[in-house]
Amino acid sequence: MSADVGAVVPIGKDAMLSSGREGSFLFVVHALTRRTPSDAWTPVTLAHALRAYRPVLLESAEGESAVGRHSYVALGRLAEVLFFPDGSFRVLPEEAATAFSPSRDPEGREGALFQERPLVEGLSAFSRLFRLAEEAELPSGRFRGGFLFAAGFELAHVLGREGGVFPPARRVPGDASAPLLYLVLPEVLLTFDHRRGTLEWTSFVLFREGAGVEERRAKEAEAQRRLKRLWEASAEARLPLALFEETEDEADAVSDALVGEEEEAFLRRVEGVLVAVRKGEVEQVVLSHRMEIPLSELILPAKDARGLAPAERLWERAFEAAFLAYRALRHVNPSPYMYFFPVPRDLSRWEFPSPSQSAFETGEDFAALLVGSSPEVLFRIERGGEGVRRVLVRPIAGTRRRGRTPEEDLRMREELLADAKEREEHKQLVRLTFADLAPLVAPGSLALAAGGVLETYSHVIHLVSQVEGHLLPDVNAWDVFARLFPAGTVLGAPRARALELLAEEEGSPRGFYGGAVGFVGFDGEADAAIAIRTLVFREDVVEAQAGAGIVAGSLPAREALEIRNKRRVLLTALGVVRSAMRRPASRV
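**Q** What is the right way to look at the packing of aromatic side chains in this model?
**A** Aromatic ring pairs are described here by two measures, namely the spacing of the ring centres and the angle between the planes. Scanning the entire structure with this criterion turns up 19 aromatic pairs. Between W478 and F481, the aromatic rings sit 6.1 Å apart at their centres with planes inclined by 85 degrees, giving edge-to-face as the arrangement. One end of the pair, W478, and the other, F481, are both in helix 9 (residues 477-484), 3 residues apart, so they sit about a helical turn from each other. Taking relative accessible area as the criterion, F481 reaches 0% and is therefore assigned buried. We note R510 situated over the ring of F153; from NZ or CZ to the ring centre the distance is 4.4 Å.

Now the structure itself:
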(Lines give C-alpha, C1' and ligand atoms only; values in the text may rest on other atoms or scores of the structure.)
Protein backbone atom coordinates (compact mmCIF):
# COMPACT_ATOMS: atom_id res chain seq x y z
CA MET A 1 0.00 0.00 0.00
CA SER A 2 1.46 3.36 -1.01
CA ALA A 3 1.16 6.40 1.19
CA ASP A 4 2.17 10.03 1.15
CA VAL A 5 3.85 11.80 4.02
CA GLY A 6 1.23 13.44 6.18
CA ALA A 7 1.26 17.14 6.88
CA VAL A 8 3.67 18.32 9.54
CA VAL A 9 1.72 20.28 12.13
CA PRO A 10 4.16 22.64 13.87
CA ILE A 11 3.36 23.33 17.50
CA GLY A 12 6.83 24.24 18.69
CA LYS A 13 9.94 22.25 19.45
CA ASP A 14 9.46 22.69 23.18
CA ALA A 15 5.87 21.45 23.23
CA MET A 16 5.14 19.37 26.31
CA LEU A 17 2.05 17.49 27.29
CA SER A 18 -0.68 19.57 28.86
CA SER A 19 1.35 22.49 30.16
CA GLY A 20 3.49 25.40 29.21
CA ARG A 21 5.21 25.41 32.61
CA GLU A 22 8.96 25.09 32.68
CA GLY A 23 10.33 21.73 33.76
CA SER A 24 12.94 19.13 32.95
CA PHE A 25 12.11 16.26 30.61
CA LEU A 26 13.45 12.74 30.23
CA PHE A 27 11.92 11.58 26.96
CA VAL A 28 11.63 12.87 23.41
CA VAL A 29 8.61 11.78 21.36
CA HIS A 30 9.10 11.48 17.61
CA ALA A 31 6.21 10.94 15.20
CA LEU A 32 6.00 9.67 11.64
CA THR A 33 2.76 10.25 9.71
CA ARG A 34 1.52 8.73 6.45
CA ARG A 35 -1.76 9.68 4.75
CA THR A 36 -4.03 7.47 2.66
CA PRO A 37 -7.60 7.71 1.35
CA SER A 38 -10.01 6.35 3.96
CA ASP A 39 -12.43 4.69 1.55
CA ALA A 40 -11.26 1.16 2.40
CA TRP A 41 -12.17 1.41 6.10
CA THR A 42 -14.46 2.87 8.70
CA PRO A 43 -13.23 3.61 12.23
CA VAL A 44 -15.23 0.62 13.47
CA THR A 45 -14.00 -1.92 10.89
CA LEU A 46 -10.39 -0.79 11.32
CA ALA A 47 -10.51 -0.89 15.12
CA HIS A 48 -11.95 -4.40 15.00
CA ALA A 49 -9.37 -5.58 12.45
CA LEU A 50 -6.60 -4.25 14.74
CA ARG A 51 -8.10 -5.55 18.00
CA ALA A 52 -4.83 -7.37 18.78
CA TYR A 53 -3.40 -3.93 19.56
CA ARG A 54 -6.02 -3.11 22.20
CA PRO A 55 -7.70 -0.24 20.33
CA VAL A 56 -9.17 2.85 21.95
CA LEU A 57 -11.83 4.27 19.63
CA LEU A 58 -13.07 7.88 19.90
CA GLU A 59 -15.85 9.26 17.69
CA SER A 60 -18.40 12.05 17.77
CA ALA A 61 -21.73 13.00 16.27
CA GLU A 62 -22.83 16.59 15.71
CA GLY A 63 -26.53 16.93 16.35
CA GLU A 64 -28.77 13.88 16.22
CA SER A 65 -27.17 12.17 13.24
CA ALA A 66 -24.31 14.07 11.57
CA VAL A 67 -20.92 12.41 11.98
CA GLY A 68 -18.24 14.60 13.55
CA ARG A 69 -15.33 15.56 11.33
CA HIS A 70 -12.68 13.39 13.01
CA SER A 71 -12.55 9.89 14.48
CA TYR A 72 -9.54 8.39 16.24
CA VAL A 73 -8.25 4.87 16.77
CA ALA A 74 -5.33 4.66 19.23
CA LEU A 75 -3.22 1.48 19.45
CA GLY A 76 -0.55 0.14 21.78
CA ARG A 77 1.25 2.22 24.43
CA LEU A 78 4.58 3.93 24.90
CA ALA A 79 3.83 5.12 28.42
CA GLU A 80 1.22 4.23 31.02
CA VAL A 81 0.13 5.27 34.49
CA LEU A 82 -2.32 3.34 36.67
CA PHE A 83 -3.54 4.59 40.08
CA PHE A 84 -5.27 2.16 42.44
CA PRO A 85 -7.64 2.64 45.41
CA ASP A 86 -5.01 1.53 47.95
CA GLY A 87 -2.68 4.36 46.95
CA SER A 88 -0.30 2.26 44.85
CA PHE A 89 0.49 3.16 41.28
CA ARG A 90 2.31 1.69 38.32
CA VAL A 91 4.30 3.73 35.81
CA LEU A 92 5.84 2.91 32.44
CA PRO A 93 8.60 3.78 31.56
CA GLU A 94 9.88 3.12 35.06
CA GLU A 95 12.10 6.21 35.08
CA ALA A 96 8.99 8.37 34.74
CA ALA A 97 7.94 7.36 38.26
CA THR A 98 10.08 10.25 39.49
CA ALA A 99 7.15 12.50 38.59
CA PHE A 100 5.19 11.03 41.47
CA SER A 101 7.92 9.99 43.90
CA PRO A 102 11.71 10.26 43.96
CA SER A 103 12.00 7.08 46.00
CA ARG A 104 11.21 3.42 45.67
CA ASP A 105 9.57 1.38 48.37
CA PRO A 106 12.43 0.42 50.76
CA GLU A 107 11.19 -3.18 50.65
CA GLY A 108 11.68 -3.18 46.87
CA ARG A 109 8.12 -4.12 45.97
CA GLU A 110 7.59 -3.84 42.25
CA GLY A 111 5.71 -0.73 41.24
CA ALA A 112 5.10 0.36 44.84
CA LEU A 113 5.90 4.07 44.89
CA PHE A 114 5.36 6.36 47.80
CA GLN A 115 5.41 9.97 48.77
CA GLU A 116 2.56 12.18 49.75
CA ARG A 117 2.16 14.64 46.91
CA PRO A 118 -0.84 16.32 45.33
CA LEU A 119 -1.92 14.08 42.50
CA VAL A 120 -2.43 17.00 40.13
CA GLU A 121 1.22 17.99 40.68
CA GLY A 122 2.31 14.46 39.86
CA LEU A 123 0.24 14.41 36.66
CA SER A 124 1.65 17.77 35.57
CA ALA A 125 5.21 16.66 36.35
CA PHE A 126 4.67 13.40 34.47
CA SER A 127 3.45 15.33 31.42
CA ARG A 128 6.51 17.54 31.46
CA LEU A 129 8.80 14.52 31.18
CA PHE A 130 7.79 14.12 27.51
CA ARG A 131 8.84 16.58 24.80
CA LEU A 132 8.04 16.47 21.10
CA ALA A 133 10.93 16.18 18.68
CA GLU A 134 11.28 19.27 16.53
CA GLU A 135 10.94 17.18 13.38
CA ALA A 136 7.86 15.24 14.60
CA GLU A 137 5.19 14.82 11.90
CA LEU A 138 1.82 15.12 13.60
CA PRO A 139 -1.61 14.35 12.16
CA SER A 140 -4.42 16.85 11.73
CA GLY A 141 -7.48 16.89 13.98
CA ARG A 142 -7.97 18.14 17.50
CA PHE A 143 -6.13 15.20 19.08
CA ARG A 144 -2.70 15.09 17.48
CA GLY A 145 -1.06 12.83 20.01
CA GLY A 146 -0.73 12.89 23.78
CA PHE A 147 -2.36 11.07 26.68
CA LEU A 148 -5.72 9.34 26.66
CA PHE A 149 -7.26 8.80 30.09
CA ALA A 150 -10.13 7.12 31.89
CA ALA A 151 -11.02 8.07 35.46
CA GLY A 152 -13.32 6.30 37.91
CA PHE A 153 -15.81 8.27 40.00
CA GLU A 154 -14.09 7.36 43.29
CA LEU A 155 -11.06 9.41 42.22
CA ALA A 156 -13.15 12.21 43.76
CA HIS A 157 -12.09 10.93 47.19
CA VAL A 158 -8.46 11.52 46.22
CA LEU A 159 -8.60 14.79 44.33
CA GLY A 160 -10.60 16.83 46.80
CA ARG A 161 -10.35 20.58 46.41
CA GLU A 162 -6.56 20.80 46.78
CA GLY A 163 -5.62 18.50 43.93
CA GLY A 164 -5.44 15.34 46.04
CA VAL A 165 -2.69 13.54 47.89
CA PHE A 166 -1.35 10.11 47.02
CA PRO A 167 -1.44 7.83 48.91
CA PRO A 168 -4.79 8.97 50.32
CA ALA A 169 -5.17 9.27 54.09
CA ARG A 170 -7.59 6.35 54.05
CA ARG A 171 -8.40 3.63 51.57
CA VAL A 172 -10.59 4.83 48.75
CA PRO A 173 -13.72 2.76 48.01
CA GLY A 174 -13.48 0.60 44.93
CA ASP A 175 -12.29 -2.65 43.36
CA ALA A 176 -8.68 -3.08 44.47
CA SER A 177 -7.71 -4.54 41.09
CA ALA A 178 -9.28 -1.77 39.00
CA PRO A 179 -7.42 1.54 38.61
CA LEU A 180 -9.03 4.77 39.72
CA LEU A 181 -7.17 6.52 36.91
CA TYR A 182 -5.54 5.20 33.76
CA LEU A 183 -3.37 7.23 31.38
CA VAL A 184 -1.84 5.92 28.18
CA LEU A 185 0.46 7.46 25.57
CA PRO A 186 -0.37 5.38 22.46
CA GLU A 187 2.20 4.03 20.01
CA VAL A 188 -0.07 4.59 17.02
CA LEU A 189 -2.83 7.08 16.28
CA LEU A 190 -5.13 6.61 13.28
CA THR A 191 -7.01 9.81 12.38
CA PHE A 192 -10.04 9.74 10.08
CA ASP A 193 -10.97 13.05 8.47
CA HIS A 194 -14.51 12.40 7.28
CA ARG A 195 -14.74 15.70 5.45
CA ARG A 196 -11.61 15.18 3.35
CA GLY A 197 -11.94 11.39 3.08
CA THR A 198 -8.43 10.77 4.43
CA LEU A 199 -6.86 8.51 7.03
CA GLU A 200 -3.61 9.51 8.72
CA TRP A 201 -1.43 6.76 10.19
CA THR A 202 0.87 8.19 12.88
CA SER A 203 3.51 6.05 14.58
CA PHE A 204 5.14 7.45 17.73
CA VAL A 205 8.50 6.41 19.18
CA LEU A 206 10.15 7.34 22.44
CA PHE A 207 13.83 7.88 23.16
CA ARG A 208 15.73 9.42 26.03
CA GLU A 209 16.99 12.96 25.83
CA GLY A 210 20.56 12.98 24.56
CA ALA A 211 20.12 9.87 22.42
CA GLY A 212 22.63 9.60 19.58
CA VAL A 213 21.96 9.75 15.87
CA GLU A 214 22.07 5.95 15.46
CA GLU A 215 19.49 5.37 18.18
CA ARG A 216 17.18 7.99 16.70
CA ARG A 217 17.48 6.42 13.24
CA ALA A 218 16.74 3.00 14.69
CA LYS A 219 13.61 4.35 16.36
CA GLU A 220 12.45 5.97 13.13
CA ALA A 221 12.94 2.65 11.32
CA GLU A 222 10.90 0.99 14.06
CA ALA A 223 8.09 3.48 13.46
CA GLN A 224 8.15 2.64 9.73
CA ARG A 225 8.03 -1.12 10.37
CA ARG A 226 5.11 -0.70 12.76
CA LEU A 227 3.05 1.12 10.13
CA LYS A 228 3.82 -1.57 7.57
CA ARG A 229 2.59 -4.28 9.95
CA LEU A 230 -0.59 -2.33 10.59
CA TRP A 231 -1.28 -1.93 6.88
CA GLU A 232 -0.91 -5.68 6.49
CA ALA A 233 -3.19 -6.38 9.44
CA SER A 234 -5.83 -3.94 8.19
CA ALA A 235 -6.30 -5.75 4.87
CA GLU A 236 -9.04 -7.96 6.38
CA ALA A 237 -11.06 -5.11 7.89
CA ARG A 238 -14.58 -6.48 8.03
CA LEU A 239 -17.02 -7.20 10.83
CA PRO A 240 -17.98 -10.74 11.87
CA LEU A 241 -21.61 -10.05 12.77
CA ALA A 242 -24.40 -8.00 11.23
CA LEU A 243 -26.51 -5.88 13.58
CA PHE A 244 -30.15 -4.92 13.28
CA GLU A 245 -31.54 -1.62 14.54
CA GLU A 246 -33.75 -3.38 17.06
CA THR A 247 -33.91 -6.73 18.77
CA GLU A 248 -35.10 -9.48 16.46
CA ASP A 249 -37.15 -11.23 19.12
CA GLU A 250 -38.97 -9.87 22.18
CA ALA A 251 -37.15 -12.49 24.21
CA ASP A 252 -33.87 -10.70 23.43
CA ALA A 253 -35.02 -7.38 24.92
CA VAL A 254 -33.34 -6.31 28.17
CA SER A 255 -35.83 -4.90 30.68
CA ASP A 256 -35.02 -2.25 33.25
CA ALA A 257 -34.55 -3.59 36.79
CA LEU A 258 -35.80 -0.42 38.49
CA VAL A 259 -39.28 -1.83 39.12
CA GLY A 260 -41.12 -3.52 41.97
CA GLU A 261 -39.06 -4.01 45.14
CA GLU A 262 -36.00 -2.52 43.47
CA GLU A 263 -37.90 0.68 42.72
CA GLU A 264 -39.34 0.81 46.24
CA ALA A 265 -35.82 0.62 47.69
CA PHE A 266 -34.68 3.41 45.37
CA LEU A 267 -37.62 5.61 46.38
CA ARG A 268 -36.61 5.20 50.03
CA ARG A 269 -33.10 6.36 49.13
CA VAL A 270 -34.54 9.42 47.42
CA GLU A 271 -36.52 10.22 50.58
CA GLY A 272 -33.31 9.87 52.61
CA VAL A 273 -31.57 12.42 50.39
CA LEU A 274 -34.57 14.76 50.54
CA VAL A 275 -34.25 14.85 54.33
CA ALA A 276 -30.71 16.20 53.96
CA VAL A 277 -31.85 18.70 51.31
CA ARG A 278 -34.65 20.02 53.53
CA LYS A 279 -32.23 20.38 56.45
CA GLY A 280 -30.04 22.58 54.27
CA GLU A 281 -27.08 20.18 54.24
CA VAL A 282 -27.03 20.10 50.43
CA GLU A 283 -28.72 21.83 47.53
CA GLN A 284 -28.67 18.78 45.29
CA VAL A 285 -27.50 15.17 45.19
CA VAL A 286 -27.36 13.13 41.97
CA LEU A 287 -28.52 9.68 43.08
CA SER A 288 -27.87 6.79 40.72
CA HIS A 289 -29.03 3.21 40.22
CA ARG A 290 -26.95 0.39 38.74
CA MET A 291 -28.15 -2.65 36.82
CA GLU A 292 -25.86 -5.66 36.46
CA ILE A 293 -26.54 -7.99 33.54
CA PRO A 294 -24.64 -11.30 33.57
CA LEU A 295 -22.59 -11.69 30.41
CA SER A 296 -24.01 -15.21 30.11
CA GLU A 297 -27.43 -13.64 29.39
CA LEU A 298 -26.03 -11.97 26.28
CA ILE A 299 -23.96 -14.81 24.85
CA LEU A 300 -24.88 -18.43 24.20
CA PRO A 301 -22.70 -20.73 26.34
CA ALA A 302 -21.27 -22.64 23.36
CA LYS A 303 -17.72 -23.87 22.78
CA ASP A 304 -15.70 -22.34 19.99
CA ALA A 305 -13.88 -24.05 17.12
CA ARG A 306 -10.93 -24.74 19.39
CA GLY A 307 -13.16 -26.50 21.92
CA LEU A 308 -12.55 -23.89 24.61
CA ALA A 309 -15.38 -23.42 27.08
CA PRO A 310 -16.56 -19.88 27.79
CA ALA A 311 -15.16 -19.97 31.33
CA GLU A 312 -11.68 -20.20 29.83
CA ARG A 313 -12.24 -17.24 27.50
CA LEU A 314 -14.26 -14.81 29.58
CA TRP A 315 -12.41 -11.66 28.59
CA GLU A 316 -12.31 -12.57 24.92
CA ARG A 317 -16.08 -13.06 25.01
CA ALA A 318 -16.54 -9.82 26.93
CA PHE A 319 -14.38 -7.95 24.42
CA GLU A 320 -16.44 -9.13 21.45
CA ALA A 321 -19.73 -8.40 23.23
CA ALA A 322 -18.47 -4.95 24.26
CA PHE A 323 -17.41 -4.12 20.72
CA LEU A 324 -20.83 -5.17 19.42
CA ALA A 325 -22.41 -2.98 22.11
CA TYR A 326 -20.33 -0.03 20.91
CA ARG A 327 -21.52 -0.57 17.35
CA ALA A 328 -25.12 -0.72 18.54
CA LEU A 329 -24.84 2.27 20.87
CA ARG A 330 -23.23 4.58 18.32
CA HIS A 331 -26.11 3.76 15.98
CA VAL A 332 -29.07 4.07 18.34
CA ASN A 333 -27.66 7.03 20.30
CA PRO A 334 -25.22 9.15 18.25
CA SER A 335 -23.61 11.60 20.68
CA PRO A 336 -20.82 14.17 20.93
CA TYR A 337 -18.64 11.68 22.82
CA MET A 338 -18.60 8.04 21.71
CA TYR A 339 -15.86 5.73 22.93
CA PHE A 340 -14.66 2.17 23.19
CA PHE A 341 -11.96 2.22 25.88
CA PRO A 342 -10.26 -0.88 27.37
CA VAL A 343 -8.79 -0.29 30.84
CA PRO A 344 -6.09 -2.81 31.90
CA ARG A 345 -5.48 -4.23 35.36
CA ASP A 346 -1.73 -3.66 35.24
CA LEU A 347 1.11 -2.42 33.07
CA SER A 348 1.59 -4.16 29.78
CA ARG A 349 3.93 -7.15 29.81
CA TRP A 350 4.25 -7.53 26.06
CA GLU A 351 5.62 -5.80 23.01
CA PHE A 352 3.56 -4.51 20.06
CA PRO A 353 2.03 -7.84 18.93
CA SER A 354 2.13 -9.44 15.54
CA PRO A 355 -1.05 -9.27 13.43
CA SER A 356 -1.74 -12.96 14.06
CA GLN A 357 -1.90 -12.49 17.84
CA SER A 358 -4.87 -11.35 19.87
CA ALA A 359 -4.77 -9.25 23.01
CA PHE A 360 -5.77 -12.36 24.92
CA GLU A 361 -3.09 -14.63 23.47
CA THR A 362 -0.50 -12.09 24.58
CA GLY A 363 -1.71 -12.29 28.18
CA GLU A 364 -3.78 -9.09 28.17
CA ASP A 365 -6.18 -8.70 31.07
CA PHE A 366 -8.71 -5.91 31.54
CA ALA A 367 -10.22 -4.29 34.59
CA ALA A 368 -13.05 -2.94 32.44
CA LEU A 369 -14.15 -2.24 28.88
CA LEU A 370 -15.90 1.14 28.65
CA VAL A 371 -18.54 1.55 25.94
CA GLY A 372 -20.08 5.00 25.89
CA SER A 373 -22.16 7.55 23.98
CA SER A 374 -22.06 10.51 26.35
CA PRO A 375 -23.78 13.82 25.58
CA GLU A 376 -21.85 15.83 28.17
CA VAL A 377 -18.39 17.38 28.24
CA LEU A 378 -16.50 17.53 31.54
CA PHE A 379 -14.21 20.23 30.15
CA ARG A 380 -12.62 21.29 26.88
CA ILE A 381 -9.52 23.41 26.34
CA GLU A 382 -8.97 25.06 22.96
CA ARG A 383 -6.09 27.26 21.85
CA GLY A 384 -6.95 30.59 20.26
CA GLY A 385 -4.97 33.50 18.92
CA GLU A 386 -2.33 35.41 20.89
CA GLY A 387 -1.82 32.54 23.33
CA VAL A 388 -5.39 32.59 24.64
CA ARG A 389 -6.67 29.21 25.84
CA ARG A 390 -10.42 28.90 26.14
CA VAL A 391 -11.94 26.49 28.67
CA LEU A 392 -15.50 25.35 28.05
CA VAL A 393 -17.99 23.44 30.21
CA ARG A 394 -21.54 22.50 29.18
CA PRO A 395 -23.60 21.43 32.23
CA ILE A 396 -26.61 19.25 31.40
CA ALA A 397 -29.44 18.98 33.91
CA GLY A 398 -33.14 18.55 33.21
CA THR A 399 -34.51 15.60 31.24
CA ARG A 400 -37.59 14.40 29.42
CA ARG A 401 -38.01 11.35 27.21
CA ARG A 402 -38.52 11.81 23.47
CA GLY A 403 -42.10 11.76 22.25
CA ARG A 404 -43.47 8.93 20.14
CA THR A 405 -44.92 11.44 17.65
CA PRO A 406 -43.83 14.95 16.59
CA GLU A 407 -46.74 16.38 18.57
CA GLU A 408 -45.80 14.48 21.73
CA ASP A 409 -42.16 15.44 21.25
CA LEU A 410 -43.12 19.13 21.17
CA ARG A 411 -45.24 18.67 24.29
CA MET A 412 -42.29 17.08 26.10
CA ARG A 413 -40.05 20.01 25.16
CA GLU A 414 -42.60 22.55 26.42
CA GLU A 415 -43.12 20.55 29.60
CA LEU A 416 -39.38 20.48 30.32
CA LEU A 417 -39.02 24.24 29.81
CA ALA A 418 -41.98 24.88 32.13
CA ASP A 419 -40.85 22.52 34.92
CA ALA A 420 -39.76 24.64 37.89
CA LYS A 421 -37.96 21.75 39.57
CA GLU A 422 -35.90 20.98 36.46
CA ARG A 423 -35.04 24.66 35.95
CA GLU A 424 -33.88 25.03 39.55
CA GLU A 425 -31.76 21.87 39.32
CA HIS A 426 -30.16 23.28 36.18
CA LYS A 427 -29.49 26.73 37.69
CA GLN A 428 -27.82 25.17 40.73
CA LEU A 429 -25.37 23.29 38.55
CA VAL A 430 -24.62 26.31 36.38
CA ARG A 431 -23.78 28.25 39.55
CA LEU A 432 -21.51 25.41 40.65
CA THR A 433 -19.74 25.49 37.26
CA PHE A 434 -19.07 29.23 37.63
CA ALA A 435 -17.66 28.66 41.12
CA ASP A 436 -15.47 25.78 39.91
CA LEU A 437 -13.98 27.73 36.99
CA ALA A 438 -13.53 31.13 38.67
CA PRO A 439 -10.07 30.43 40.24
CA LEU A 440 -8.72 29.08 36.93
CA VAL A 441 -9.62 31.86 34.50
CA ALA A 442 -8.65 35.46 33.84
CA PRO A 443 -10.77 38.01 35.72
CA GLY A 444 -13.71 39.17 33.63
CA SER A 445 -13.44 36.35 31.09
CA LEU A 446 -15.98 33.96 32.64
CA ALA A 447 -19.30 34.10 30.80
CA LEU A 448 -22.51 32.21 30.14
CA ALA A 449 -22.40 31.62 26.38
CA ALA A 450 -25.73 29.76 26.31
CA GLY A 451 -28.25 29.30 29.09
CA GLY A 452 -30.86 26.59 29.50
CA VAL A 453 -31.33 25.66 25.85
CA LEU A 454 -32.92 22.42 24.71
CA GLU A 455 -30.89 19.68 23.03
CA THR A 456 -32.45 16.50 21.65
CA TYR A 457 -30.91 13.04 21.54
CA SER A 458 -32.26 9.74 20.32
CA HIS A 459 -34.14 8.87 23.52
CA VAL A 460 -34.16 12.03 25.69
CA ILE A 461 -34.36 15.84 25.66
CA HIS A 462 -31.99 17.82 27.91
CA LEU A 463 -31.59 21.35 29.26
CA VAL A 464 -28.05 22.53 28.45
CA SER A 465 -25.95 25.62 29.23
CA GLN A 466 -22.44 26.61 28.16
CA VAL A 467 -19.91 28.36 30.42
CA GLU A 468 -16.62 29.68 29.00
CA GLY A 469 -13.51 31.51 30.19
CA HIS A 470 -9.85 32.19 29.35
CA LEU A 471 -7.39 30.11 31.37
CA LEU A 472 -4.70 31.83 33.41
CA PRO A 473 -1.18 31.33 31.97
CA ASP A 474 0.02 28.96 34.71
CA VAL A 475 -3.07 26.70 34.64
CA ASN A 476 -2.83 23.44 32.69
CA ALA A 477 -5.26 20.70 31.71
CA TRP A 478 -4.66 18.64 34.85
CA ASP A 479 -5.43 21.66 37.04
CA VAL A 480 -8.75 22.01 35.24
CA PHE A 481 -9.45 18.29 35.56
CA ALA A 482 -8.73 18.29 39.30
CA ARG A 483 -10.94 21.32 39.85
CA LEU A 484 -13.95 20.07 37.90
CA PHE A 485 -13.88 16.33 38.67
CA PRO A 486 -16.34 14.82 39.20
CA ALA A 487 -18.87 16.99 37.43
CA GLY A 488 -21.56 18.51 39.58
CA THR A 489 -24.13 17.06 37.18
CA VAL A 490 -23.28 13.54 38.41
CA LEU A 491 -22.48 14.50 42.01
CA GLY A 492 -24.46 17.47 43.35
CA ALA A 493 -23.61 20.47 45.52
CA PRO A 494 -21.90 21.25 47.81
CA ARG A 495 -19.47 18.59 46.67
CA ALA A 496 -18.11 17.28 49.97
CA ARG A 497 -21.48 16.60 51.61
CA ALA A 498 -23.00 15.29 48.36
CA LEU A 499 -20.13 12.79 48.11
CA GLU A 500 -20.77 11.62 51.69
CA LEU A 501 -24.49 11.18 51.04
CA LEU A 502 -23.86 9.20 47.87
CA ALA A 503 -21.58 6.82 49.76
CA GLU A 504 -24.31 6.36 52.39
CA GLU A 505 -27.32 6.00 50.08
CA GLU A 506 -25.86 4.14 47.08
CA GLY A 507 -23.94 1.69 49.25
CA SER A 508 -21.35 0.58 46.69
CA PRO A 509 -18.65 2.34 44.64
CA ARG A 510 -19.73 3.65 41.25
CA GLY A 511 -16.56 2.63 39.44
CA PHE A 512 -16.32 4.31 36.04
CA TYR A 513 -19.91 5.56 35.98
CA GLY A 514 -19.82 9.34 36.47
CA GLY A 515 -16.07 9.39 35.89
CA ALA A 516 -14.42 10.72 32.75
CA VAL A 517 -12.91 9.65 29.42
CA GLY A 518 -10.79 12.01 27.35
CA PHE A 519 -7.42 13.24 26.13
CA VAL A 520 -4.72 15.78 26.97
CA GLY A 521 -2.77 16.65 23.84
CA PHE A 522 0.86 17.56 23.22
CA ASP A 523 -0.24 21.10 22.42
CA GLY A 524 -2.13 21.61 25.69
CA GLU A 525 -5.56 21.16 24.13
CA ALA A 526 -7.83 18.76 25.98
CA ASP A 527 -11.30 17.29 25.76
CA ALA A 528 -13.02 15.02 28.26
CA ALA A 529 -16.50 13.53 28.50
CA ILE A 530 -18.44 12.63 31.60
CA ALA A 531 -18.86 8.85 31.61
CA ILE A 532 -22.65 8.70 31.43
CA ARG A 533 -24.75 6.65 28.95
CA THR A 534 -21.89 4.22 29.39
CA LEU A 535 -21.82 0.43 29.65
CA VAL A 536 -19.04 -1.06 31.77
CA PHE A 537 -18.09 -4.60 30.75
CA ARG A 538 -16.28 -6.55 33.41
CA GLU A 539 -15.17 -10.19 33.34
CA ASP A 540 -18.62 -11.77 33.61
CA VAL A 541 -21.06 -8.88 34.02
CA VAL A 542 -22.18 -5.69 32.29
CA GLU A 543 -23.03 -2.60 34.34
CA ALA A 544 -25.66 -0.08 33.15
CA GLN A 545 -26.02 2.89 35.49
CA ALA A 546 -27.93 6.18 35.39
CA GLY A 547 -28.72 8.96 37.85
CA ALA A 548 -31.17 11.75 38.66
CA GLY A 549 -30.66 15.04 40.48
CA ILE A 550 -32.52 15.26 43.80
CA VAL A 551 -33.50 18.80 44.84
CA ALA A 552 -36.12 20.22 47.20
CA GLY A 553 -38.90 19.90 44.62
CA SER A 554 -38.14 16.32 43.62
CA LEU A 555 -40.87 13.68 43.43
CA PRO A 556 -39.32 10.23 44.09
CA ALA A 557 -41.38 8.42 41.44
CA ARG A 558 -40.44 11.04 38.82
CA GLU A 559 -36.73 10.53 39.60
CA ALA A 560 -37.05 6.76 39.10
CA LEU A 561 -38.74 7.43 35.75
CA GLU A 562 -35.89 9.76 34.73
CA ILE A 563 -33.36 7.01 35.42
CA ARG A 564 -35.30 4.53 33.31
CA ASN A 565 -35.55 7.06 30.48
CA LYS A 566 -31.80 7.72 30.53
CA ARG A 567 -30.89 4.04 30.74
CA ARG A 568 -33.26 2.92 28.00
CA VAL A 569 -30.72 3.55 25.26
CA LEU A 570 -28.16 1.32 27.01
CA LEU A 571 -30.64 -1.54 27.37
CA THR A 572 -31.71 -1.12 23.75
CA ALA A 573 -28.09 -1.57 22.67
CA LEU A 574 -27.71 -4.66 24.86
CA GLY A 575 -30.84 -6.17 23.33
CA VAL A 576 -29.35 -5.69 19.87
CA VAL A 577 -26.16 -7.39 21.07
CA ARG A 578 -28.10 -10.34 22.48
CA SER A 579 -29.95 -10.78 19.19
CA ALA A 580 -26.69 -10.72 17.22
CA MET A 581 -24.78 -13.09 19.47
CA ARG A 582 -27.53 -15.67 19.73
CA ARG A 583 -27.93 -16.31 16.02
CA PRO A 584 -25.51 -17.94 13.57
CA ALA A 585 -22.64 -15.62 12.67
CA SER A 586 -22.83 -13.92 9.28
CA ARG A 587 -20.16 -11.72 7.78
CA VAL A 588 -21.04 -8.36 6.29
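Back to the text.
**Q** Quick question: what am I supposed to make of helix 9 here?
**A** Since the α-helix packs 3.6 residues into each turn, any two residues three or four apart lie on the same face. Counting buried positions along helix 9 gives 8 out of 8 residues, so the element sits mostly inside the fold. Among the residues of helix 9, those classed as buried are A477, W478, D479, V480, F481, A482, R483 and L484. The residue sitting at the N-terminus of helix 9 and contributing the capping side-chain oxygen is N476; that oxygen lies 2.9 Å from the backbone nitrogen of W478.

**Q** What am I meant to see in the side chain of E468 here?
**A** Position of E468 relative to the elements: it lies in strand 23 (residues 460-470). Among the residues examined, E468 registers a relative accessible area of 17% and is labelled buried. A distance of 2.8 Å separates the side chain of E468 from the side chain of R390, its partner in a polar contact. Looking at E468, its side chain comes within polar contact range of the side chain of Q466, at 2.5 Å. Setting aside residues up to four positions removed in sequence, E468 forms contacts with R390, V391, L392, S445, L446, A447 and A449.

**Q** Sorry if this is basic, but what is going on with the nonpolar core here?
**A** Across soluble globular proteins, nonpolar side chains show a tendency to be buried alongside one another. Ranked by size, the top nonpolar core spans 112 residues in total, and within it F126, F130, L155, L378, F379 and F481 carry the most contacts. When neighbours within four sequence positions are excluded, F481 is seen to be in contact with F149, A151, L155, L159, L378, F379 and A516. Among the nonpolar cores identified, the runner-up in size contains 61 residues, and W231, A233, F340 and V576 belong to it.

Reading the values: rules and limits
- Residues numbered from 1 in each chain as written.
- Predicted model: local features only at pLDDT ≥ 70, side-chain atom pairs only at ≥ 80, totals over all residues.
- Heavy atoms only, no water.
- Phe/Tyr/Trp six-rings, centres within 6.5 Å; stacked < 30°, edge-to-face > 60°.
- Helix = DSSP H or I, 4+ residues; strand = E, 2+ residues; numbered from the N terminus.
- Buried < 20%, exposed > 50% of the residue type's maximum accessible area, 1.4 Å probe, protein only.
- Lys NZ or Arg CZ within 6 Å of the ring centre and 35° of its normal.
- Polar contact = N/O pair within 3.5 Å; in protein donor to acceptor, adjacent residues only side chain to side chain.
- Contact = heavy atoms within 4.5 Å.
- Core = buried A, V, L, I, M, F, W, Y, C linked by side-chain atoms within 4.5 Å.

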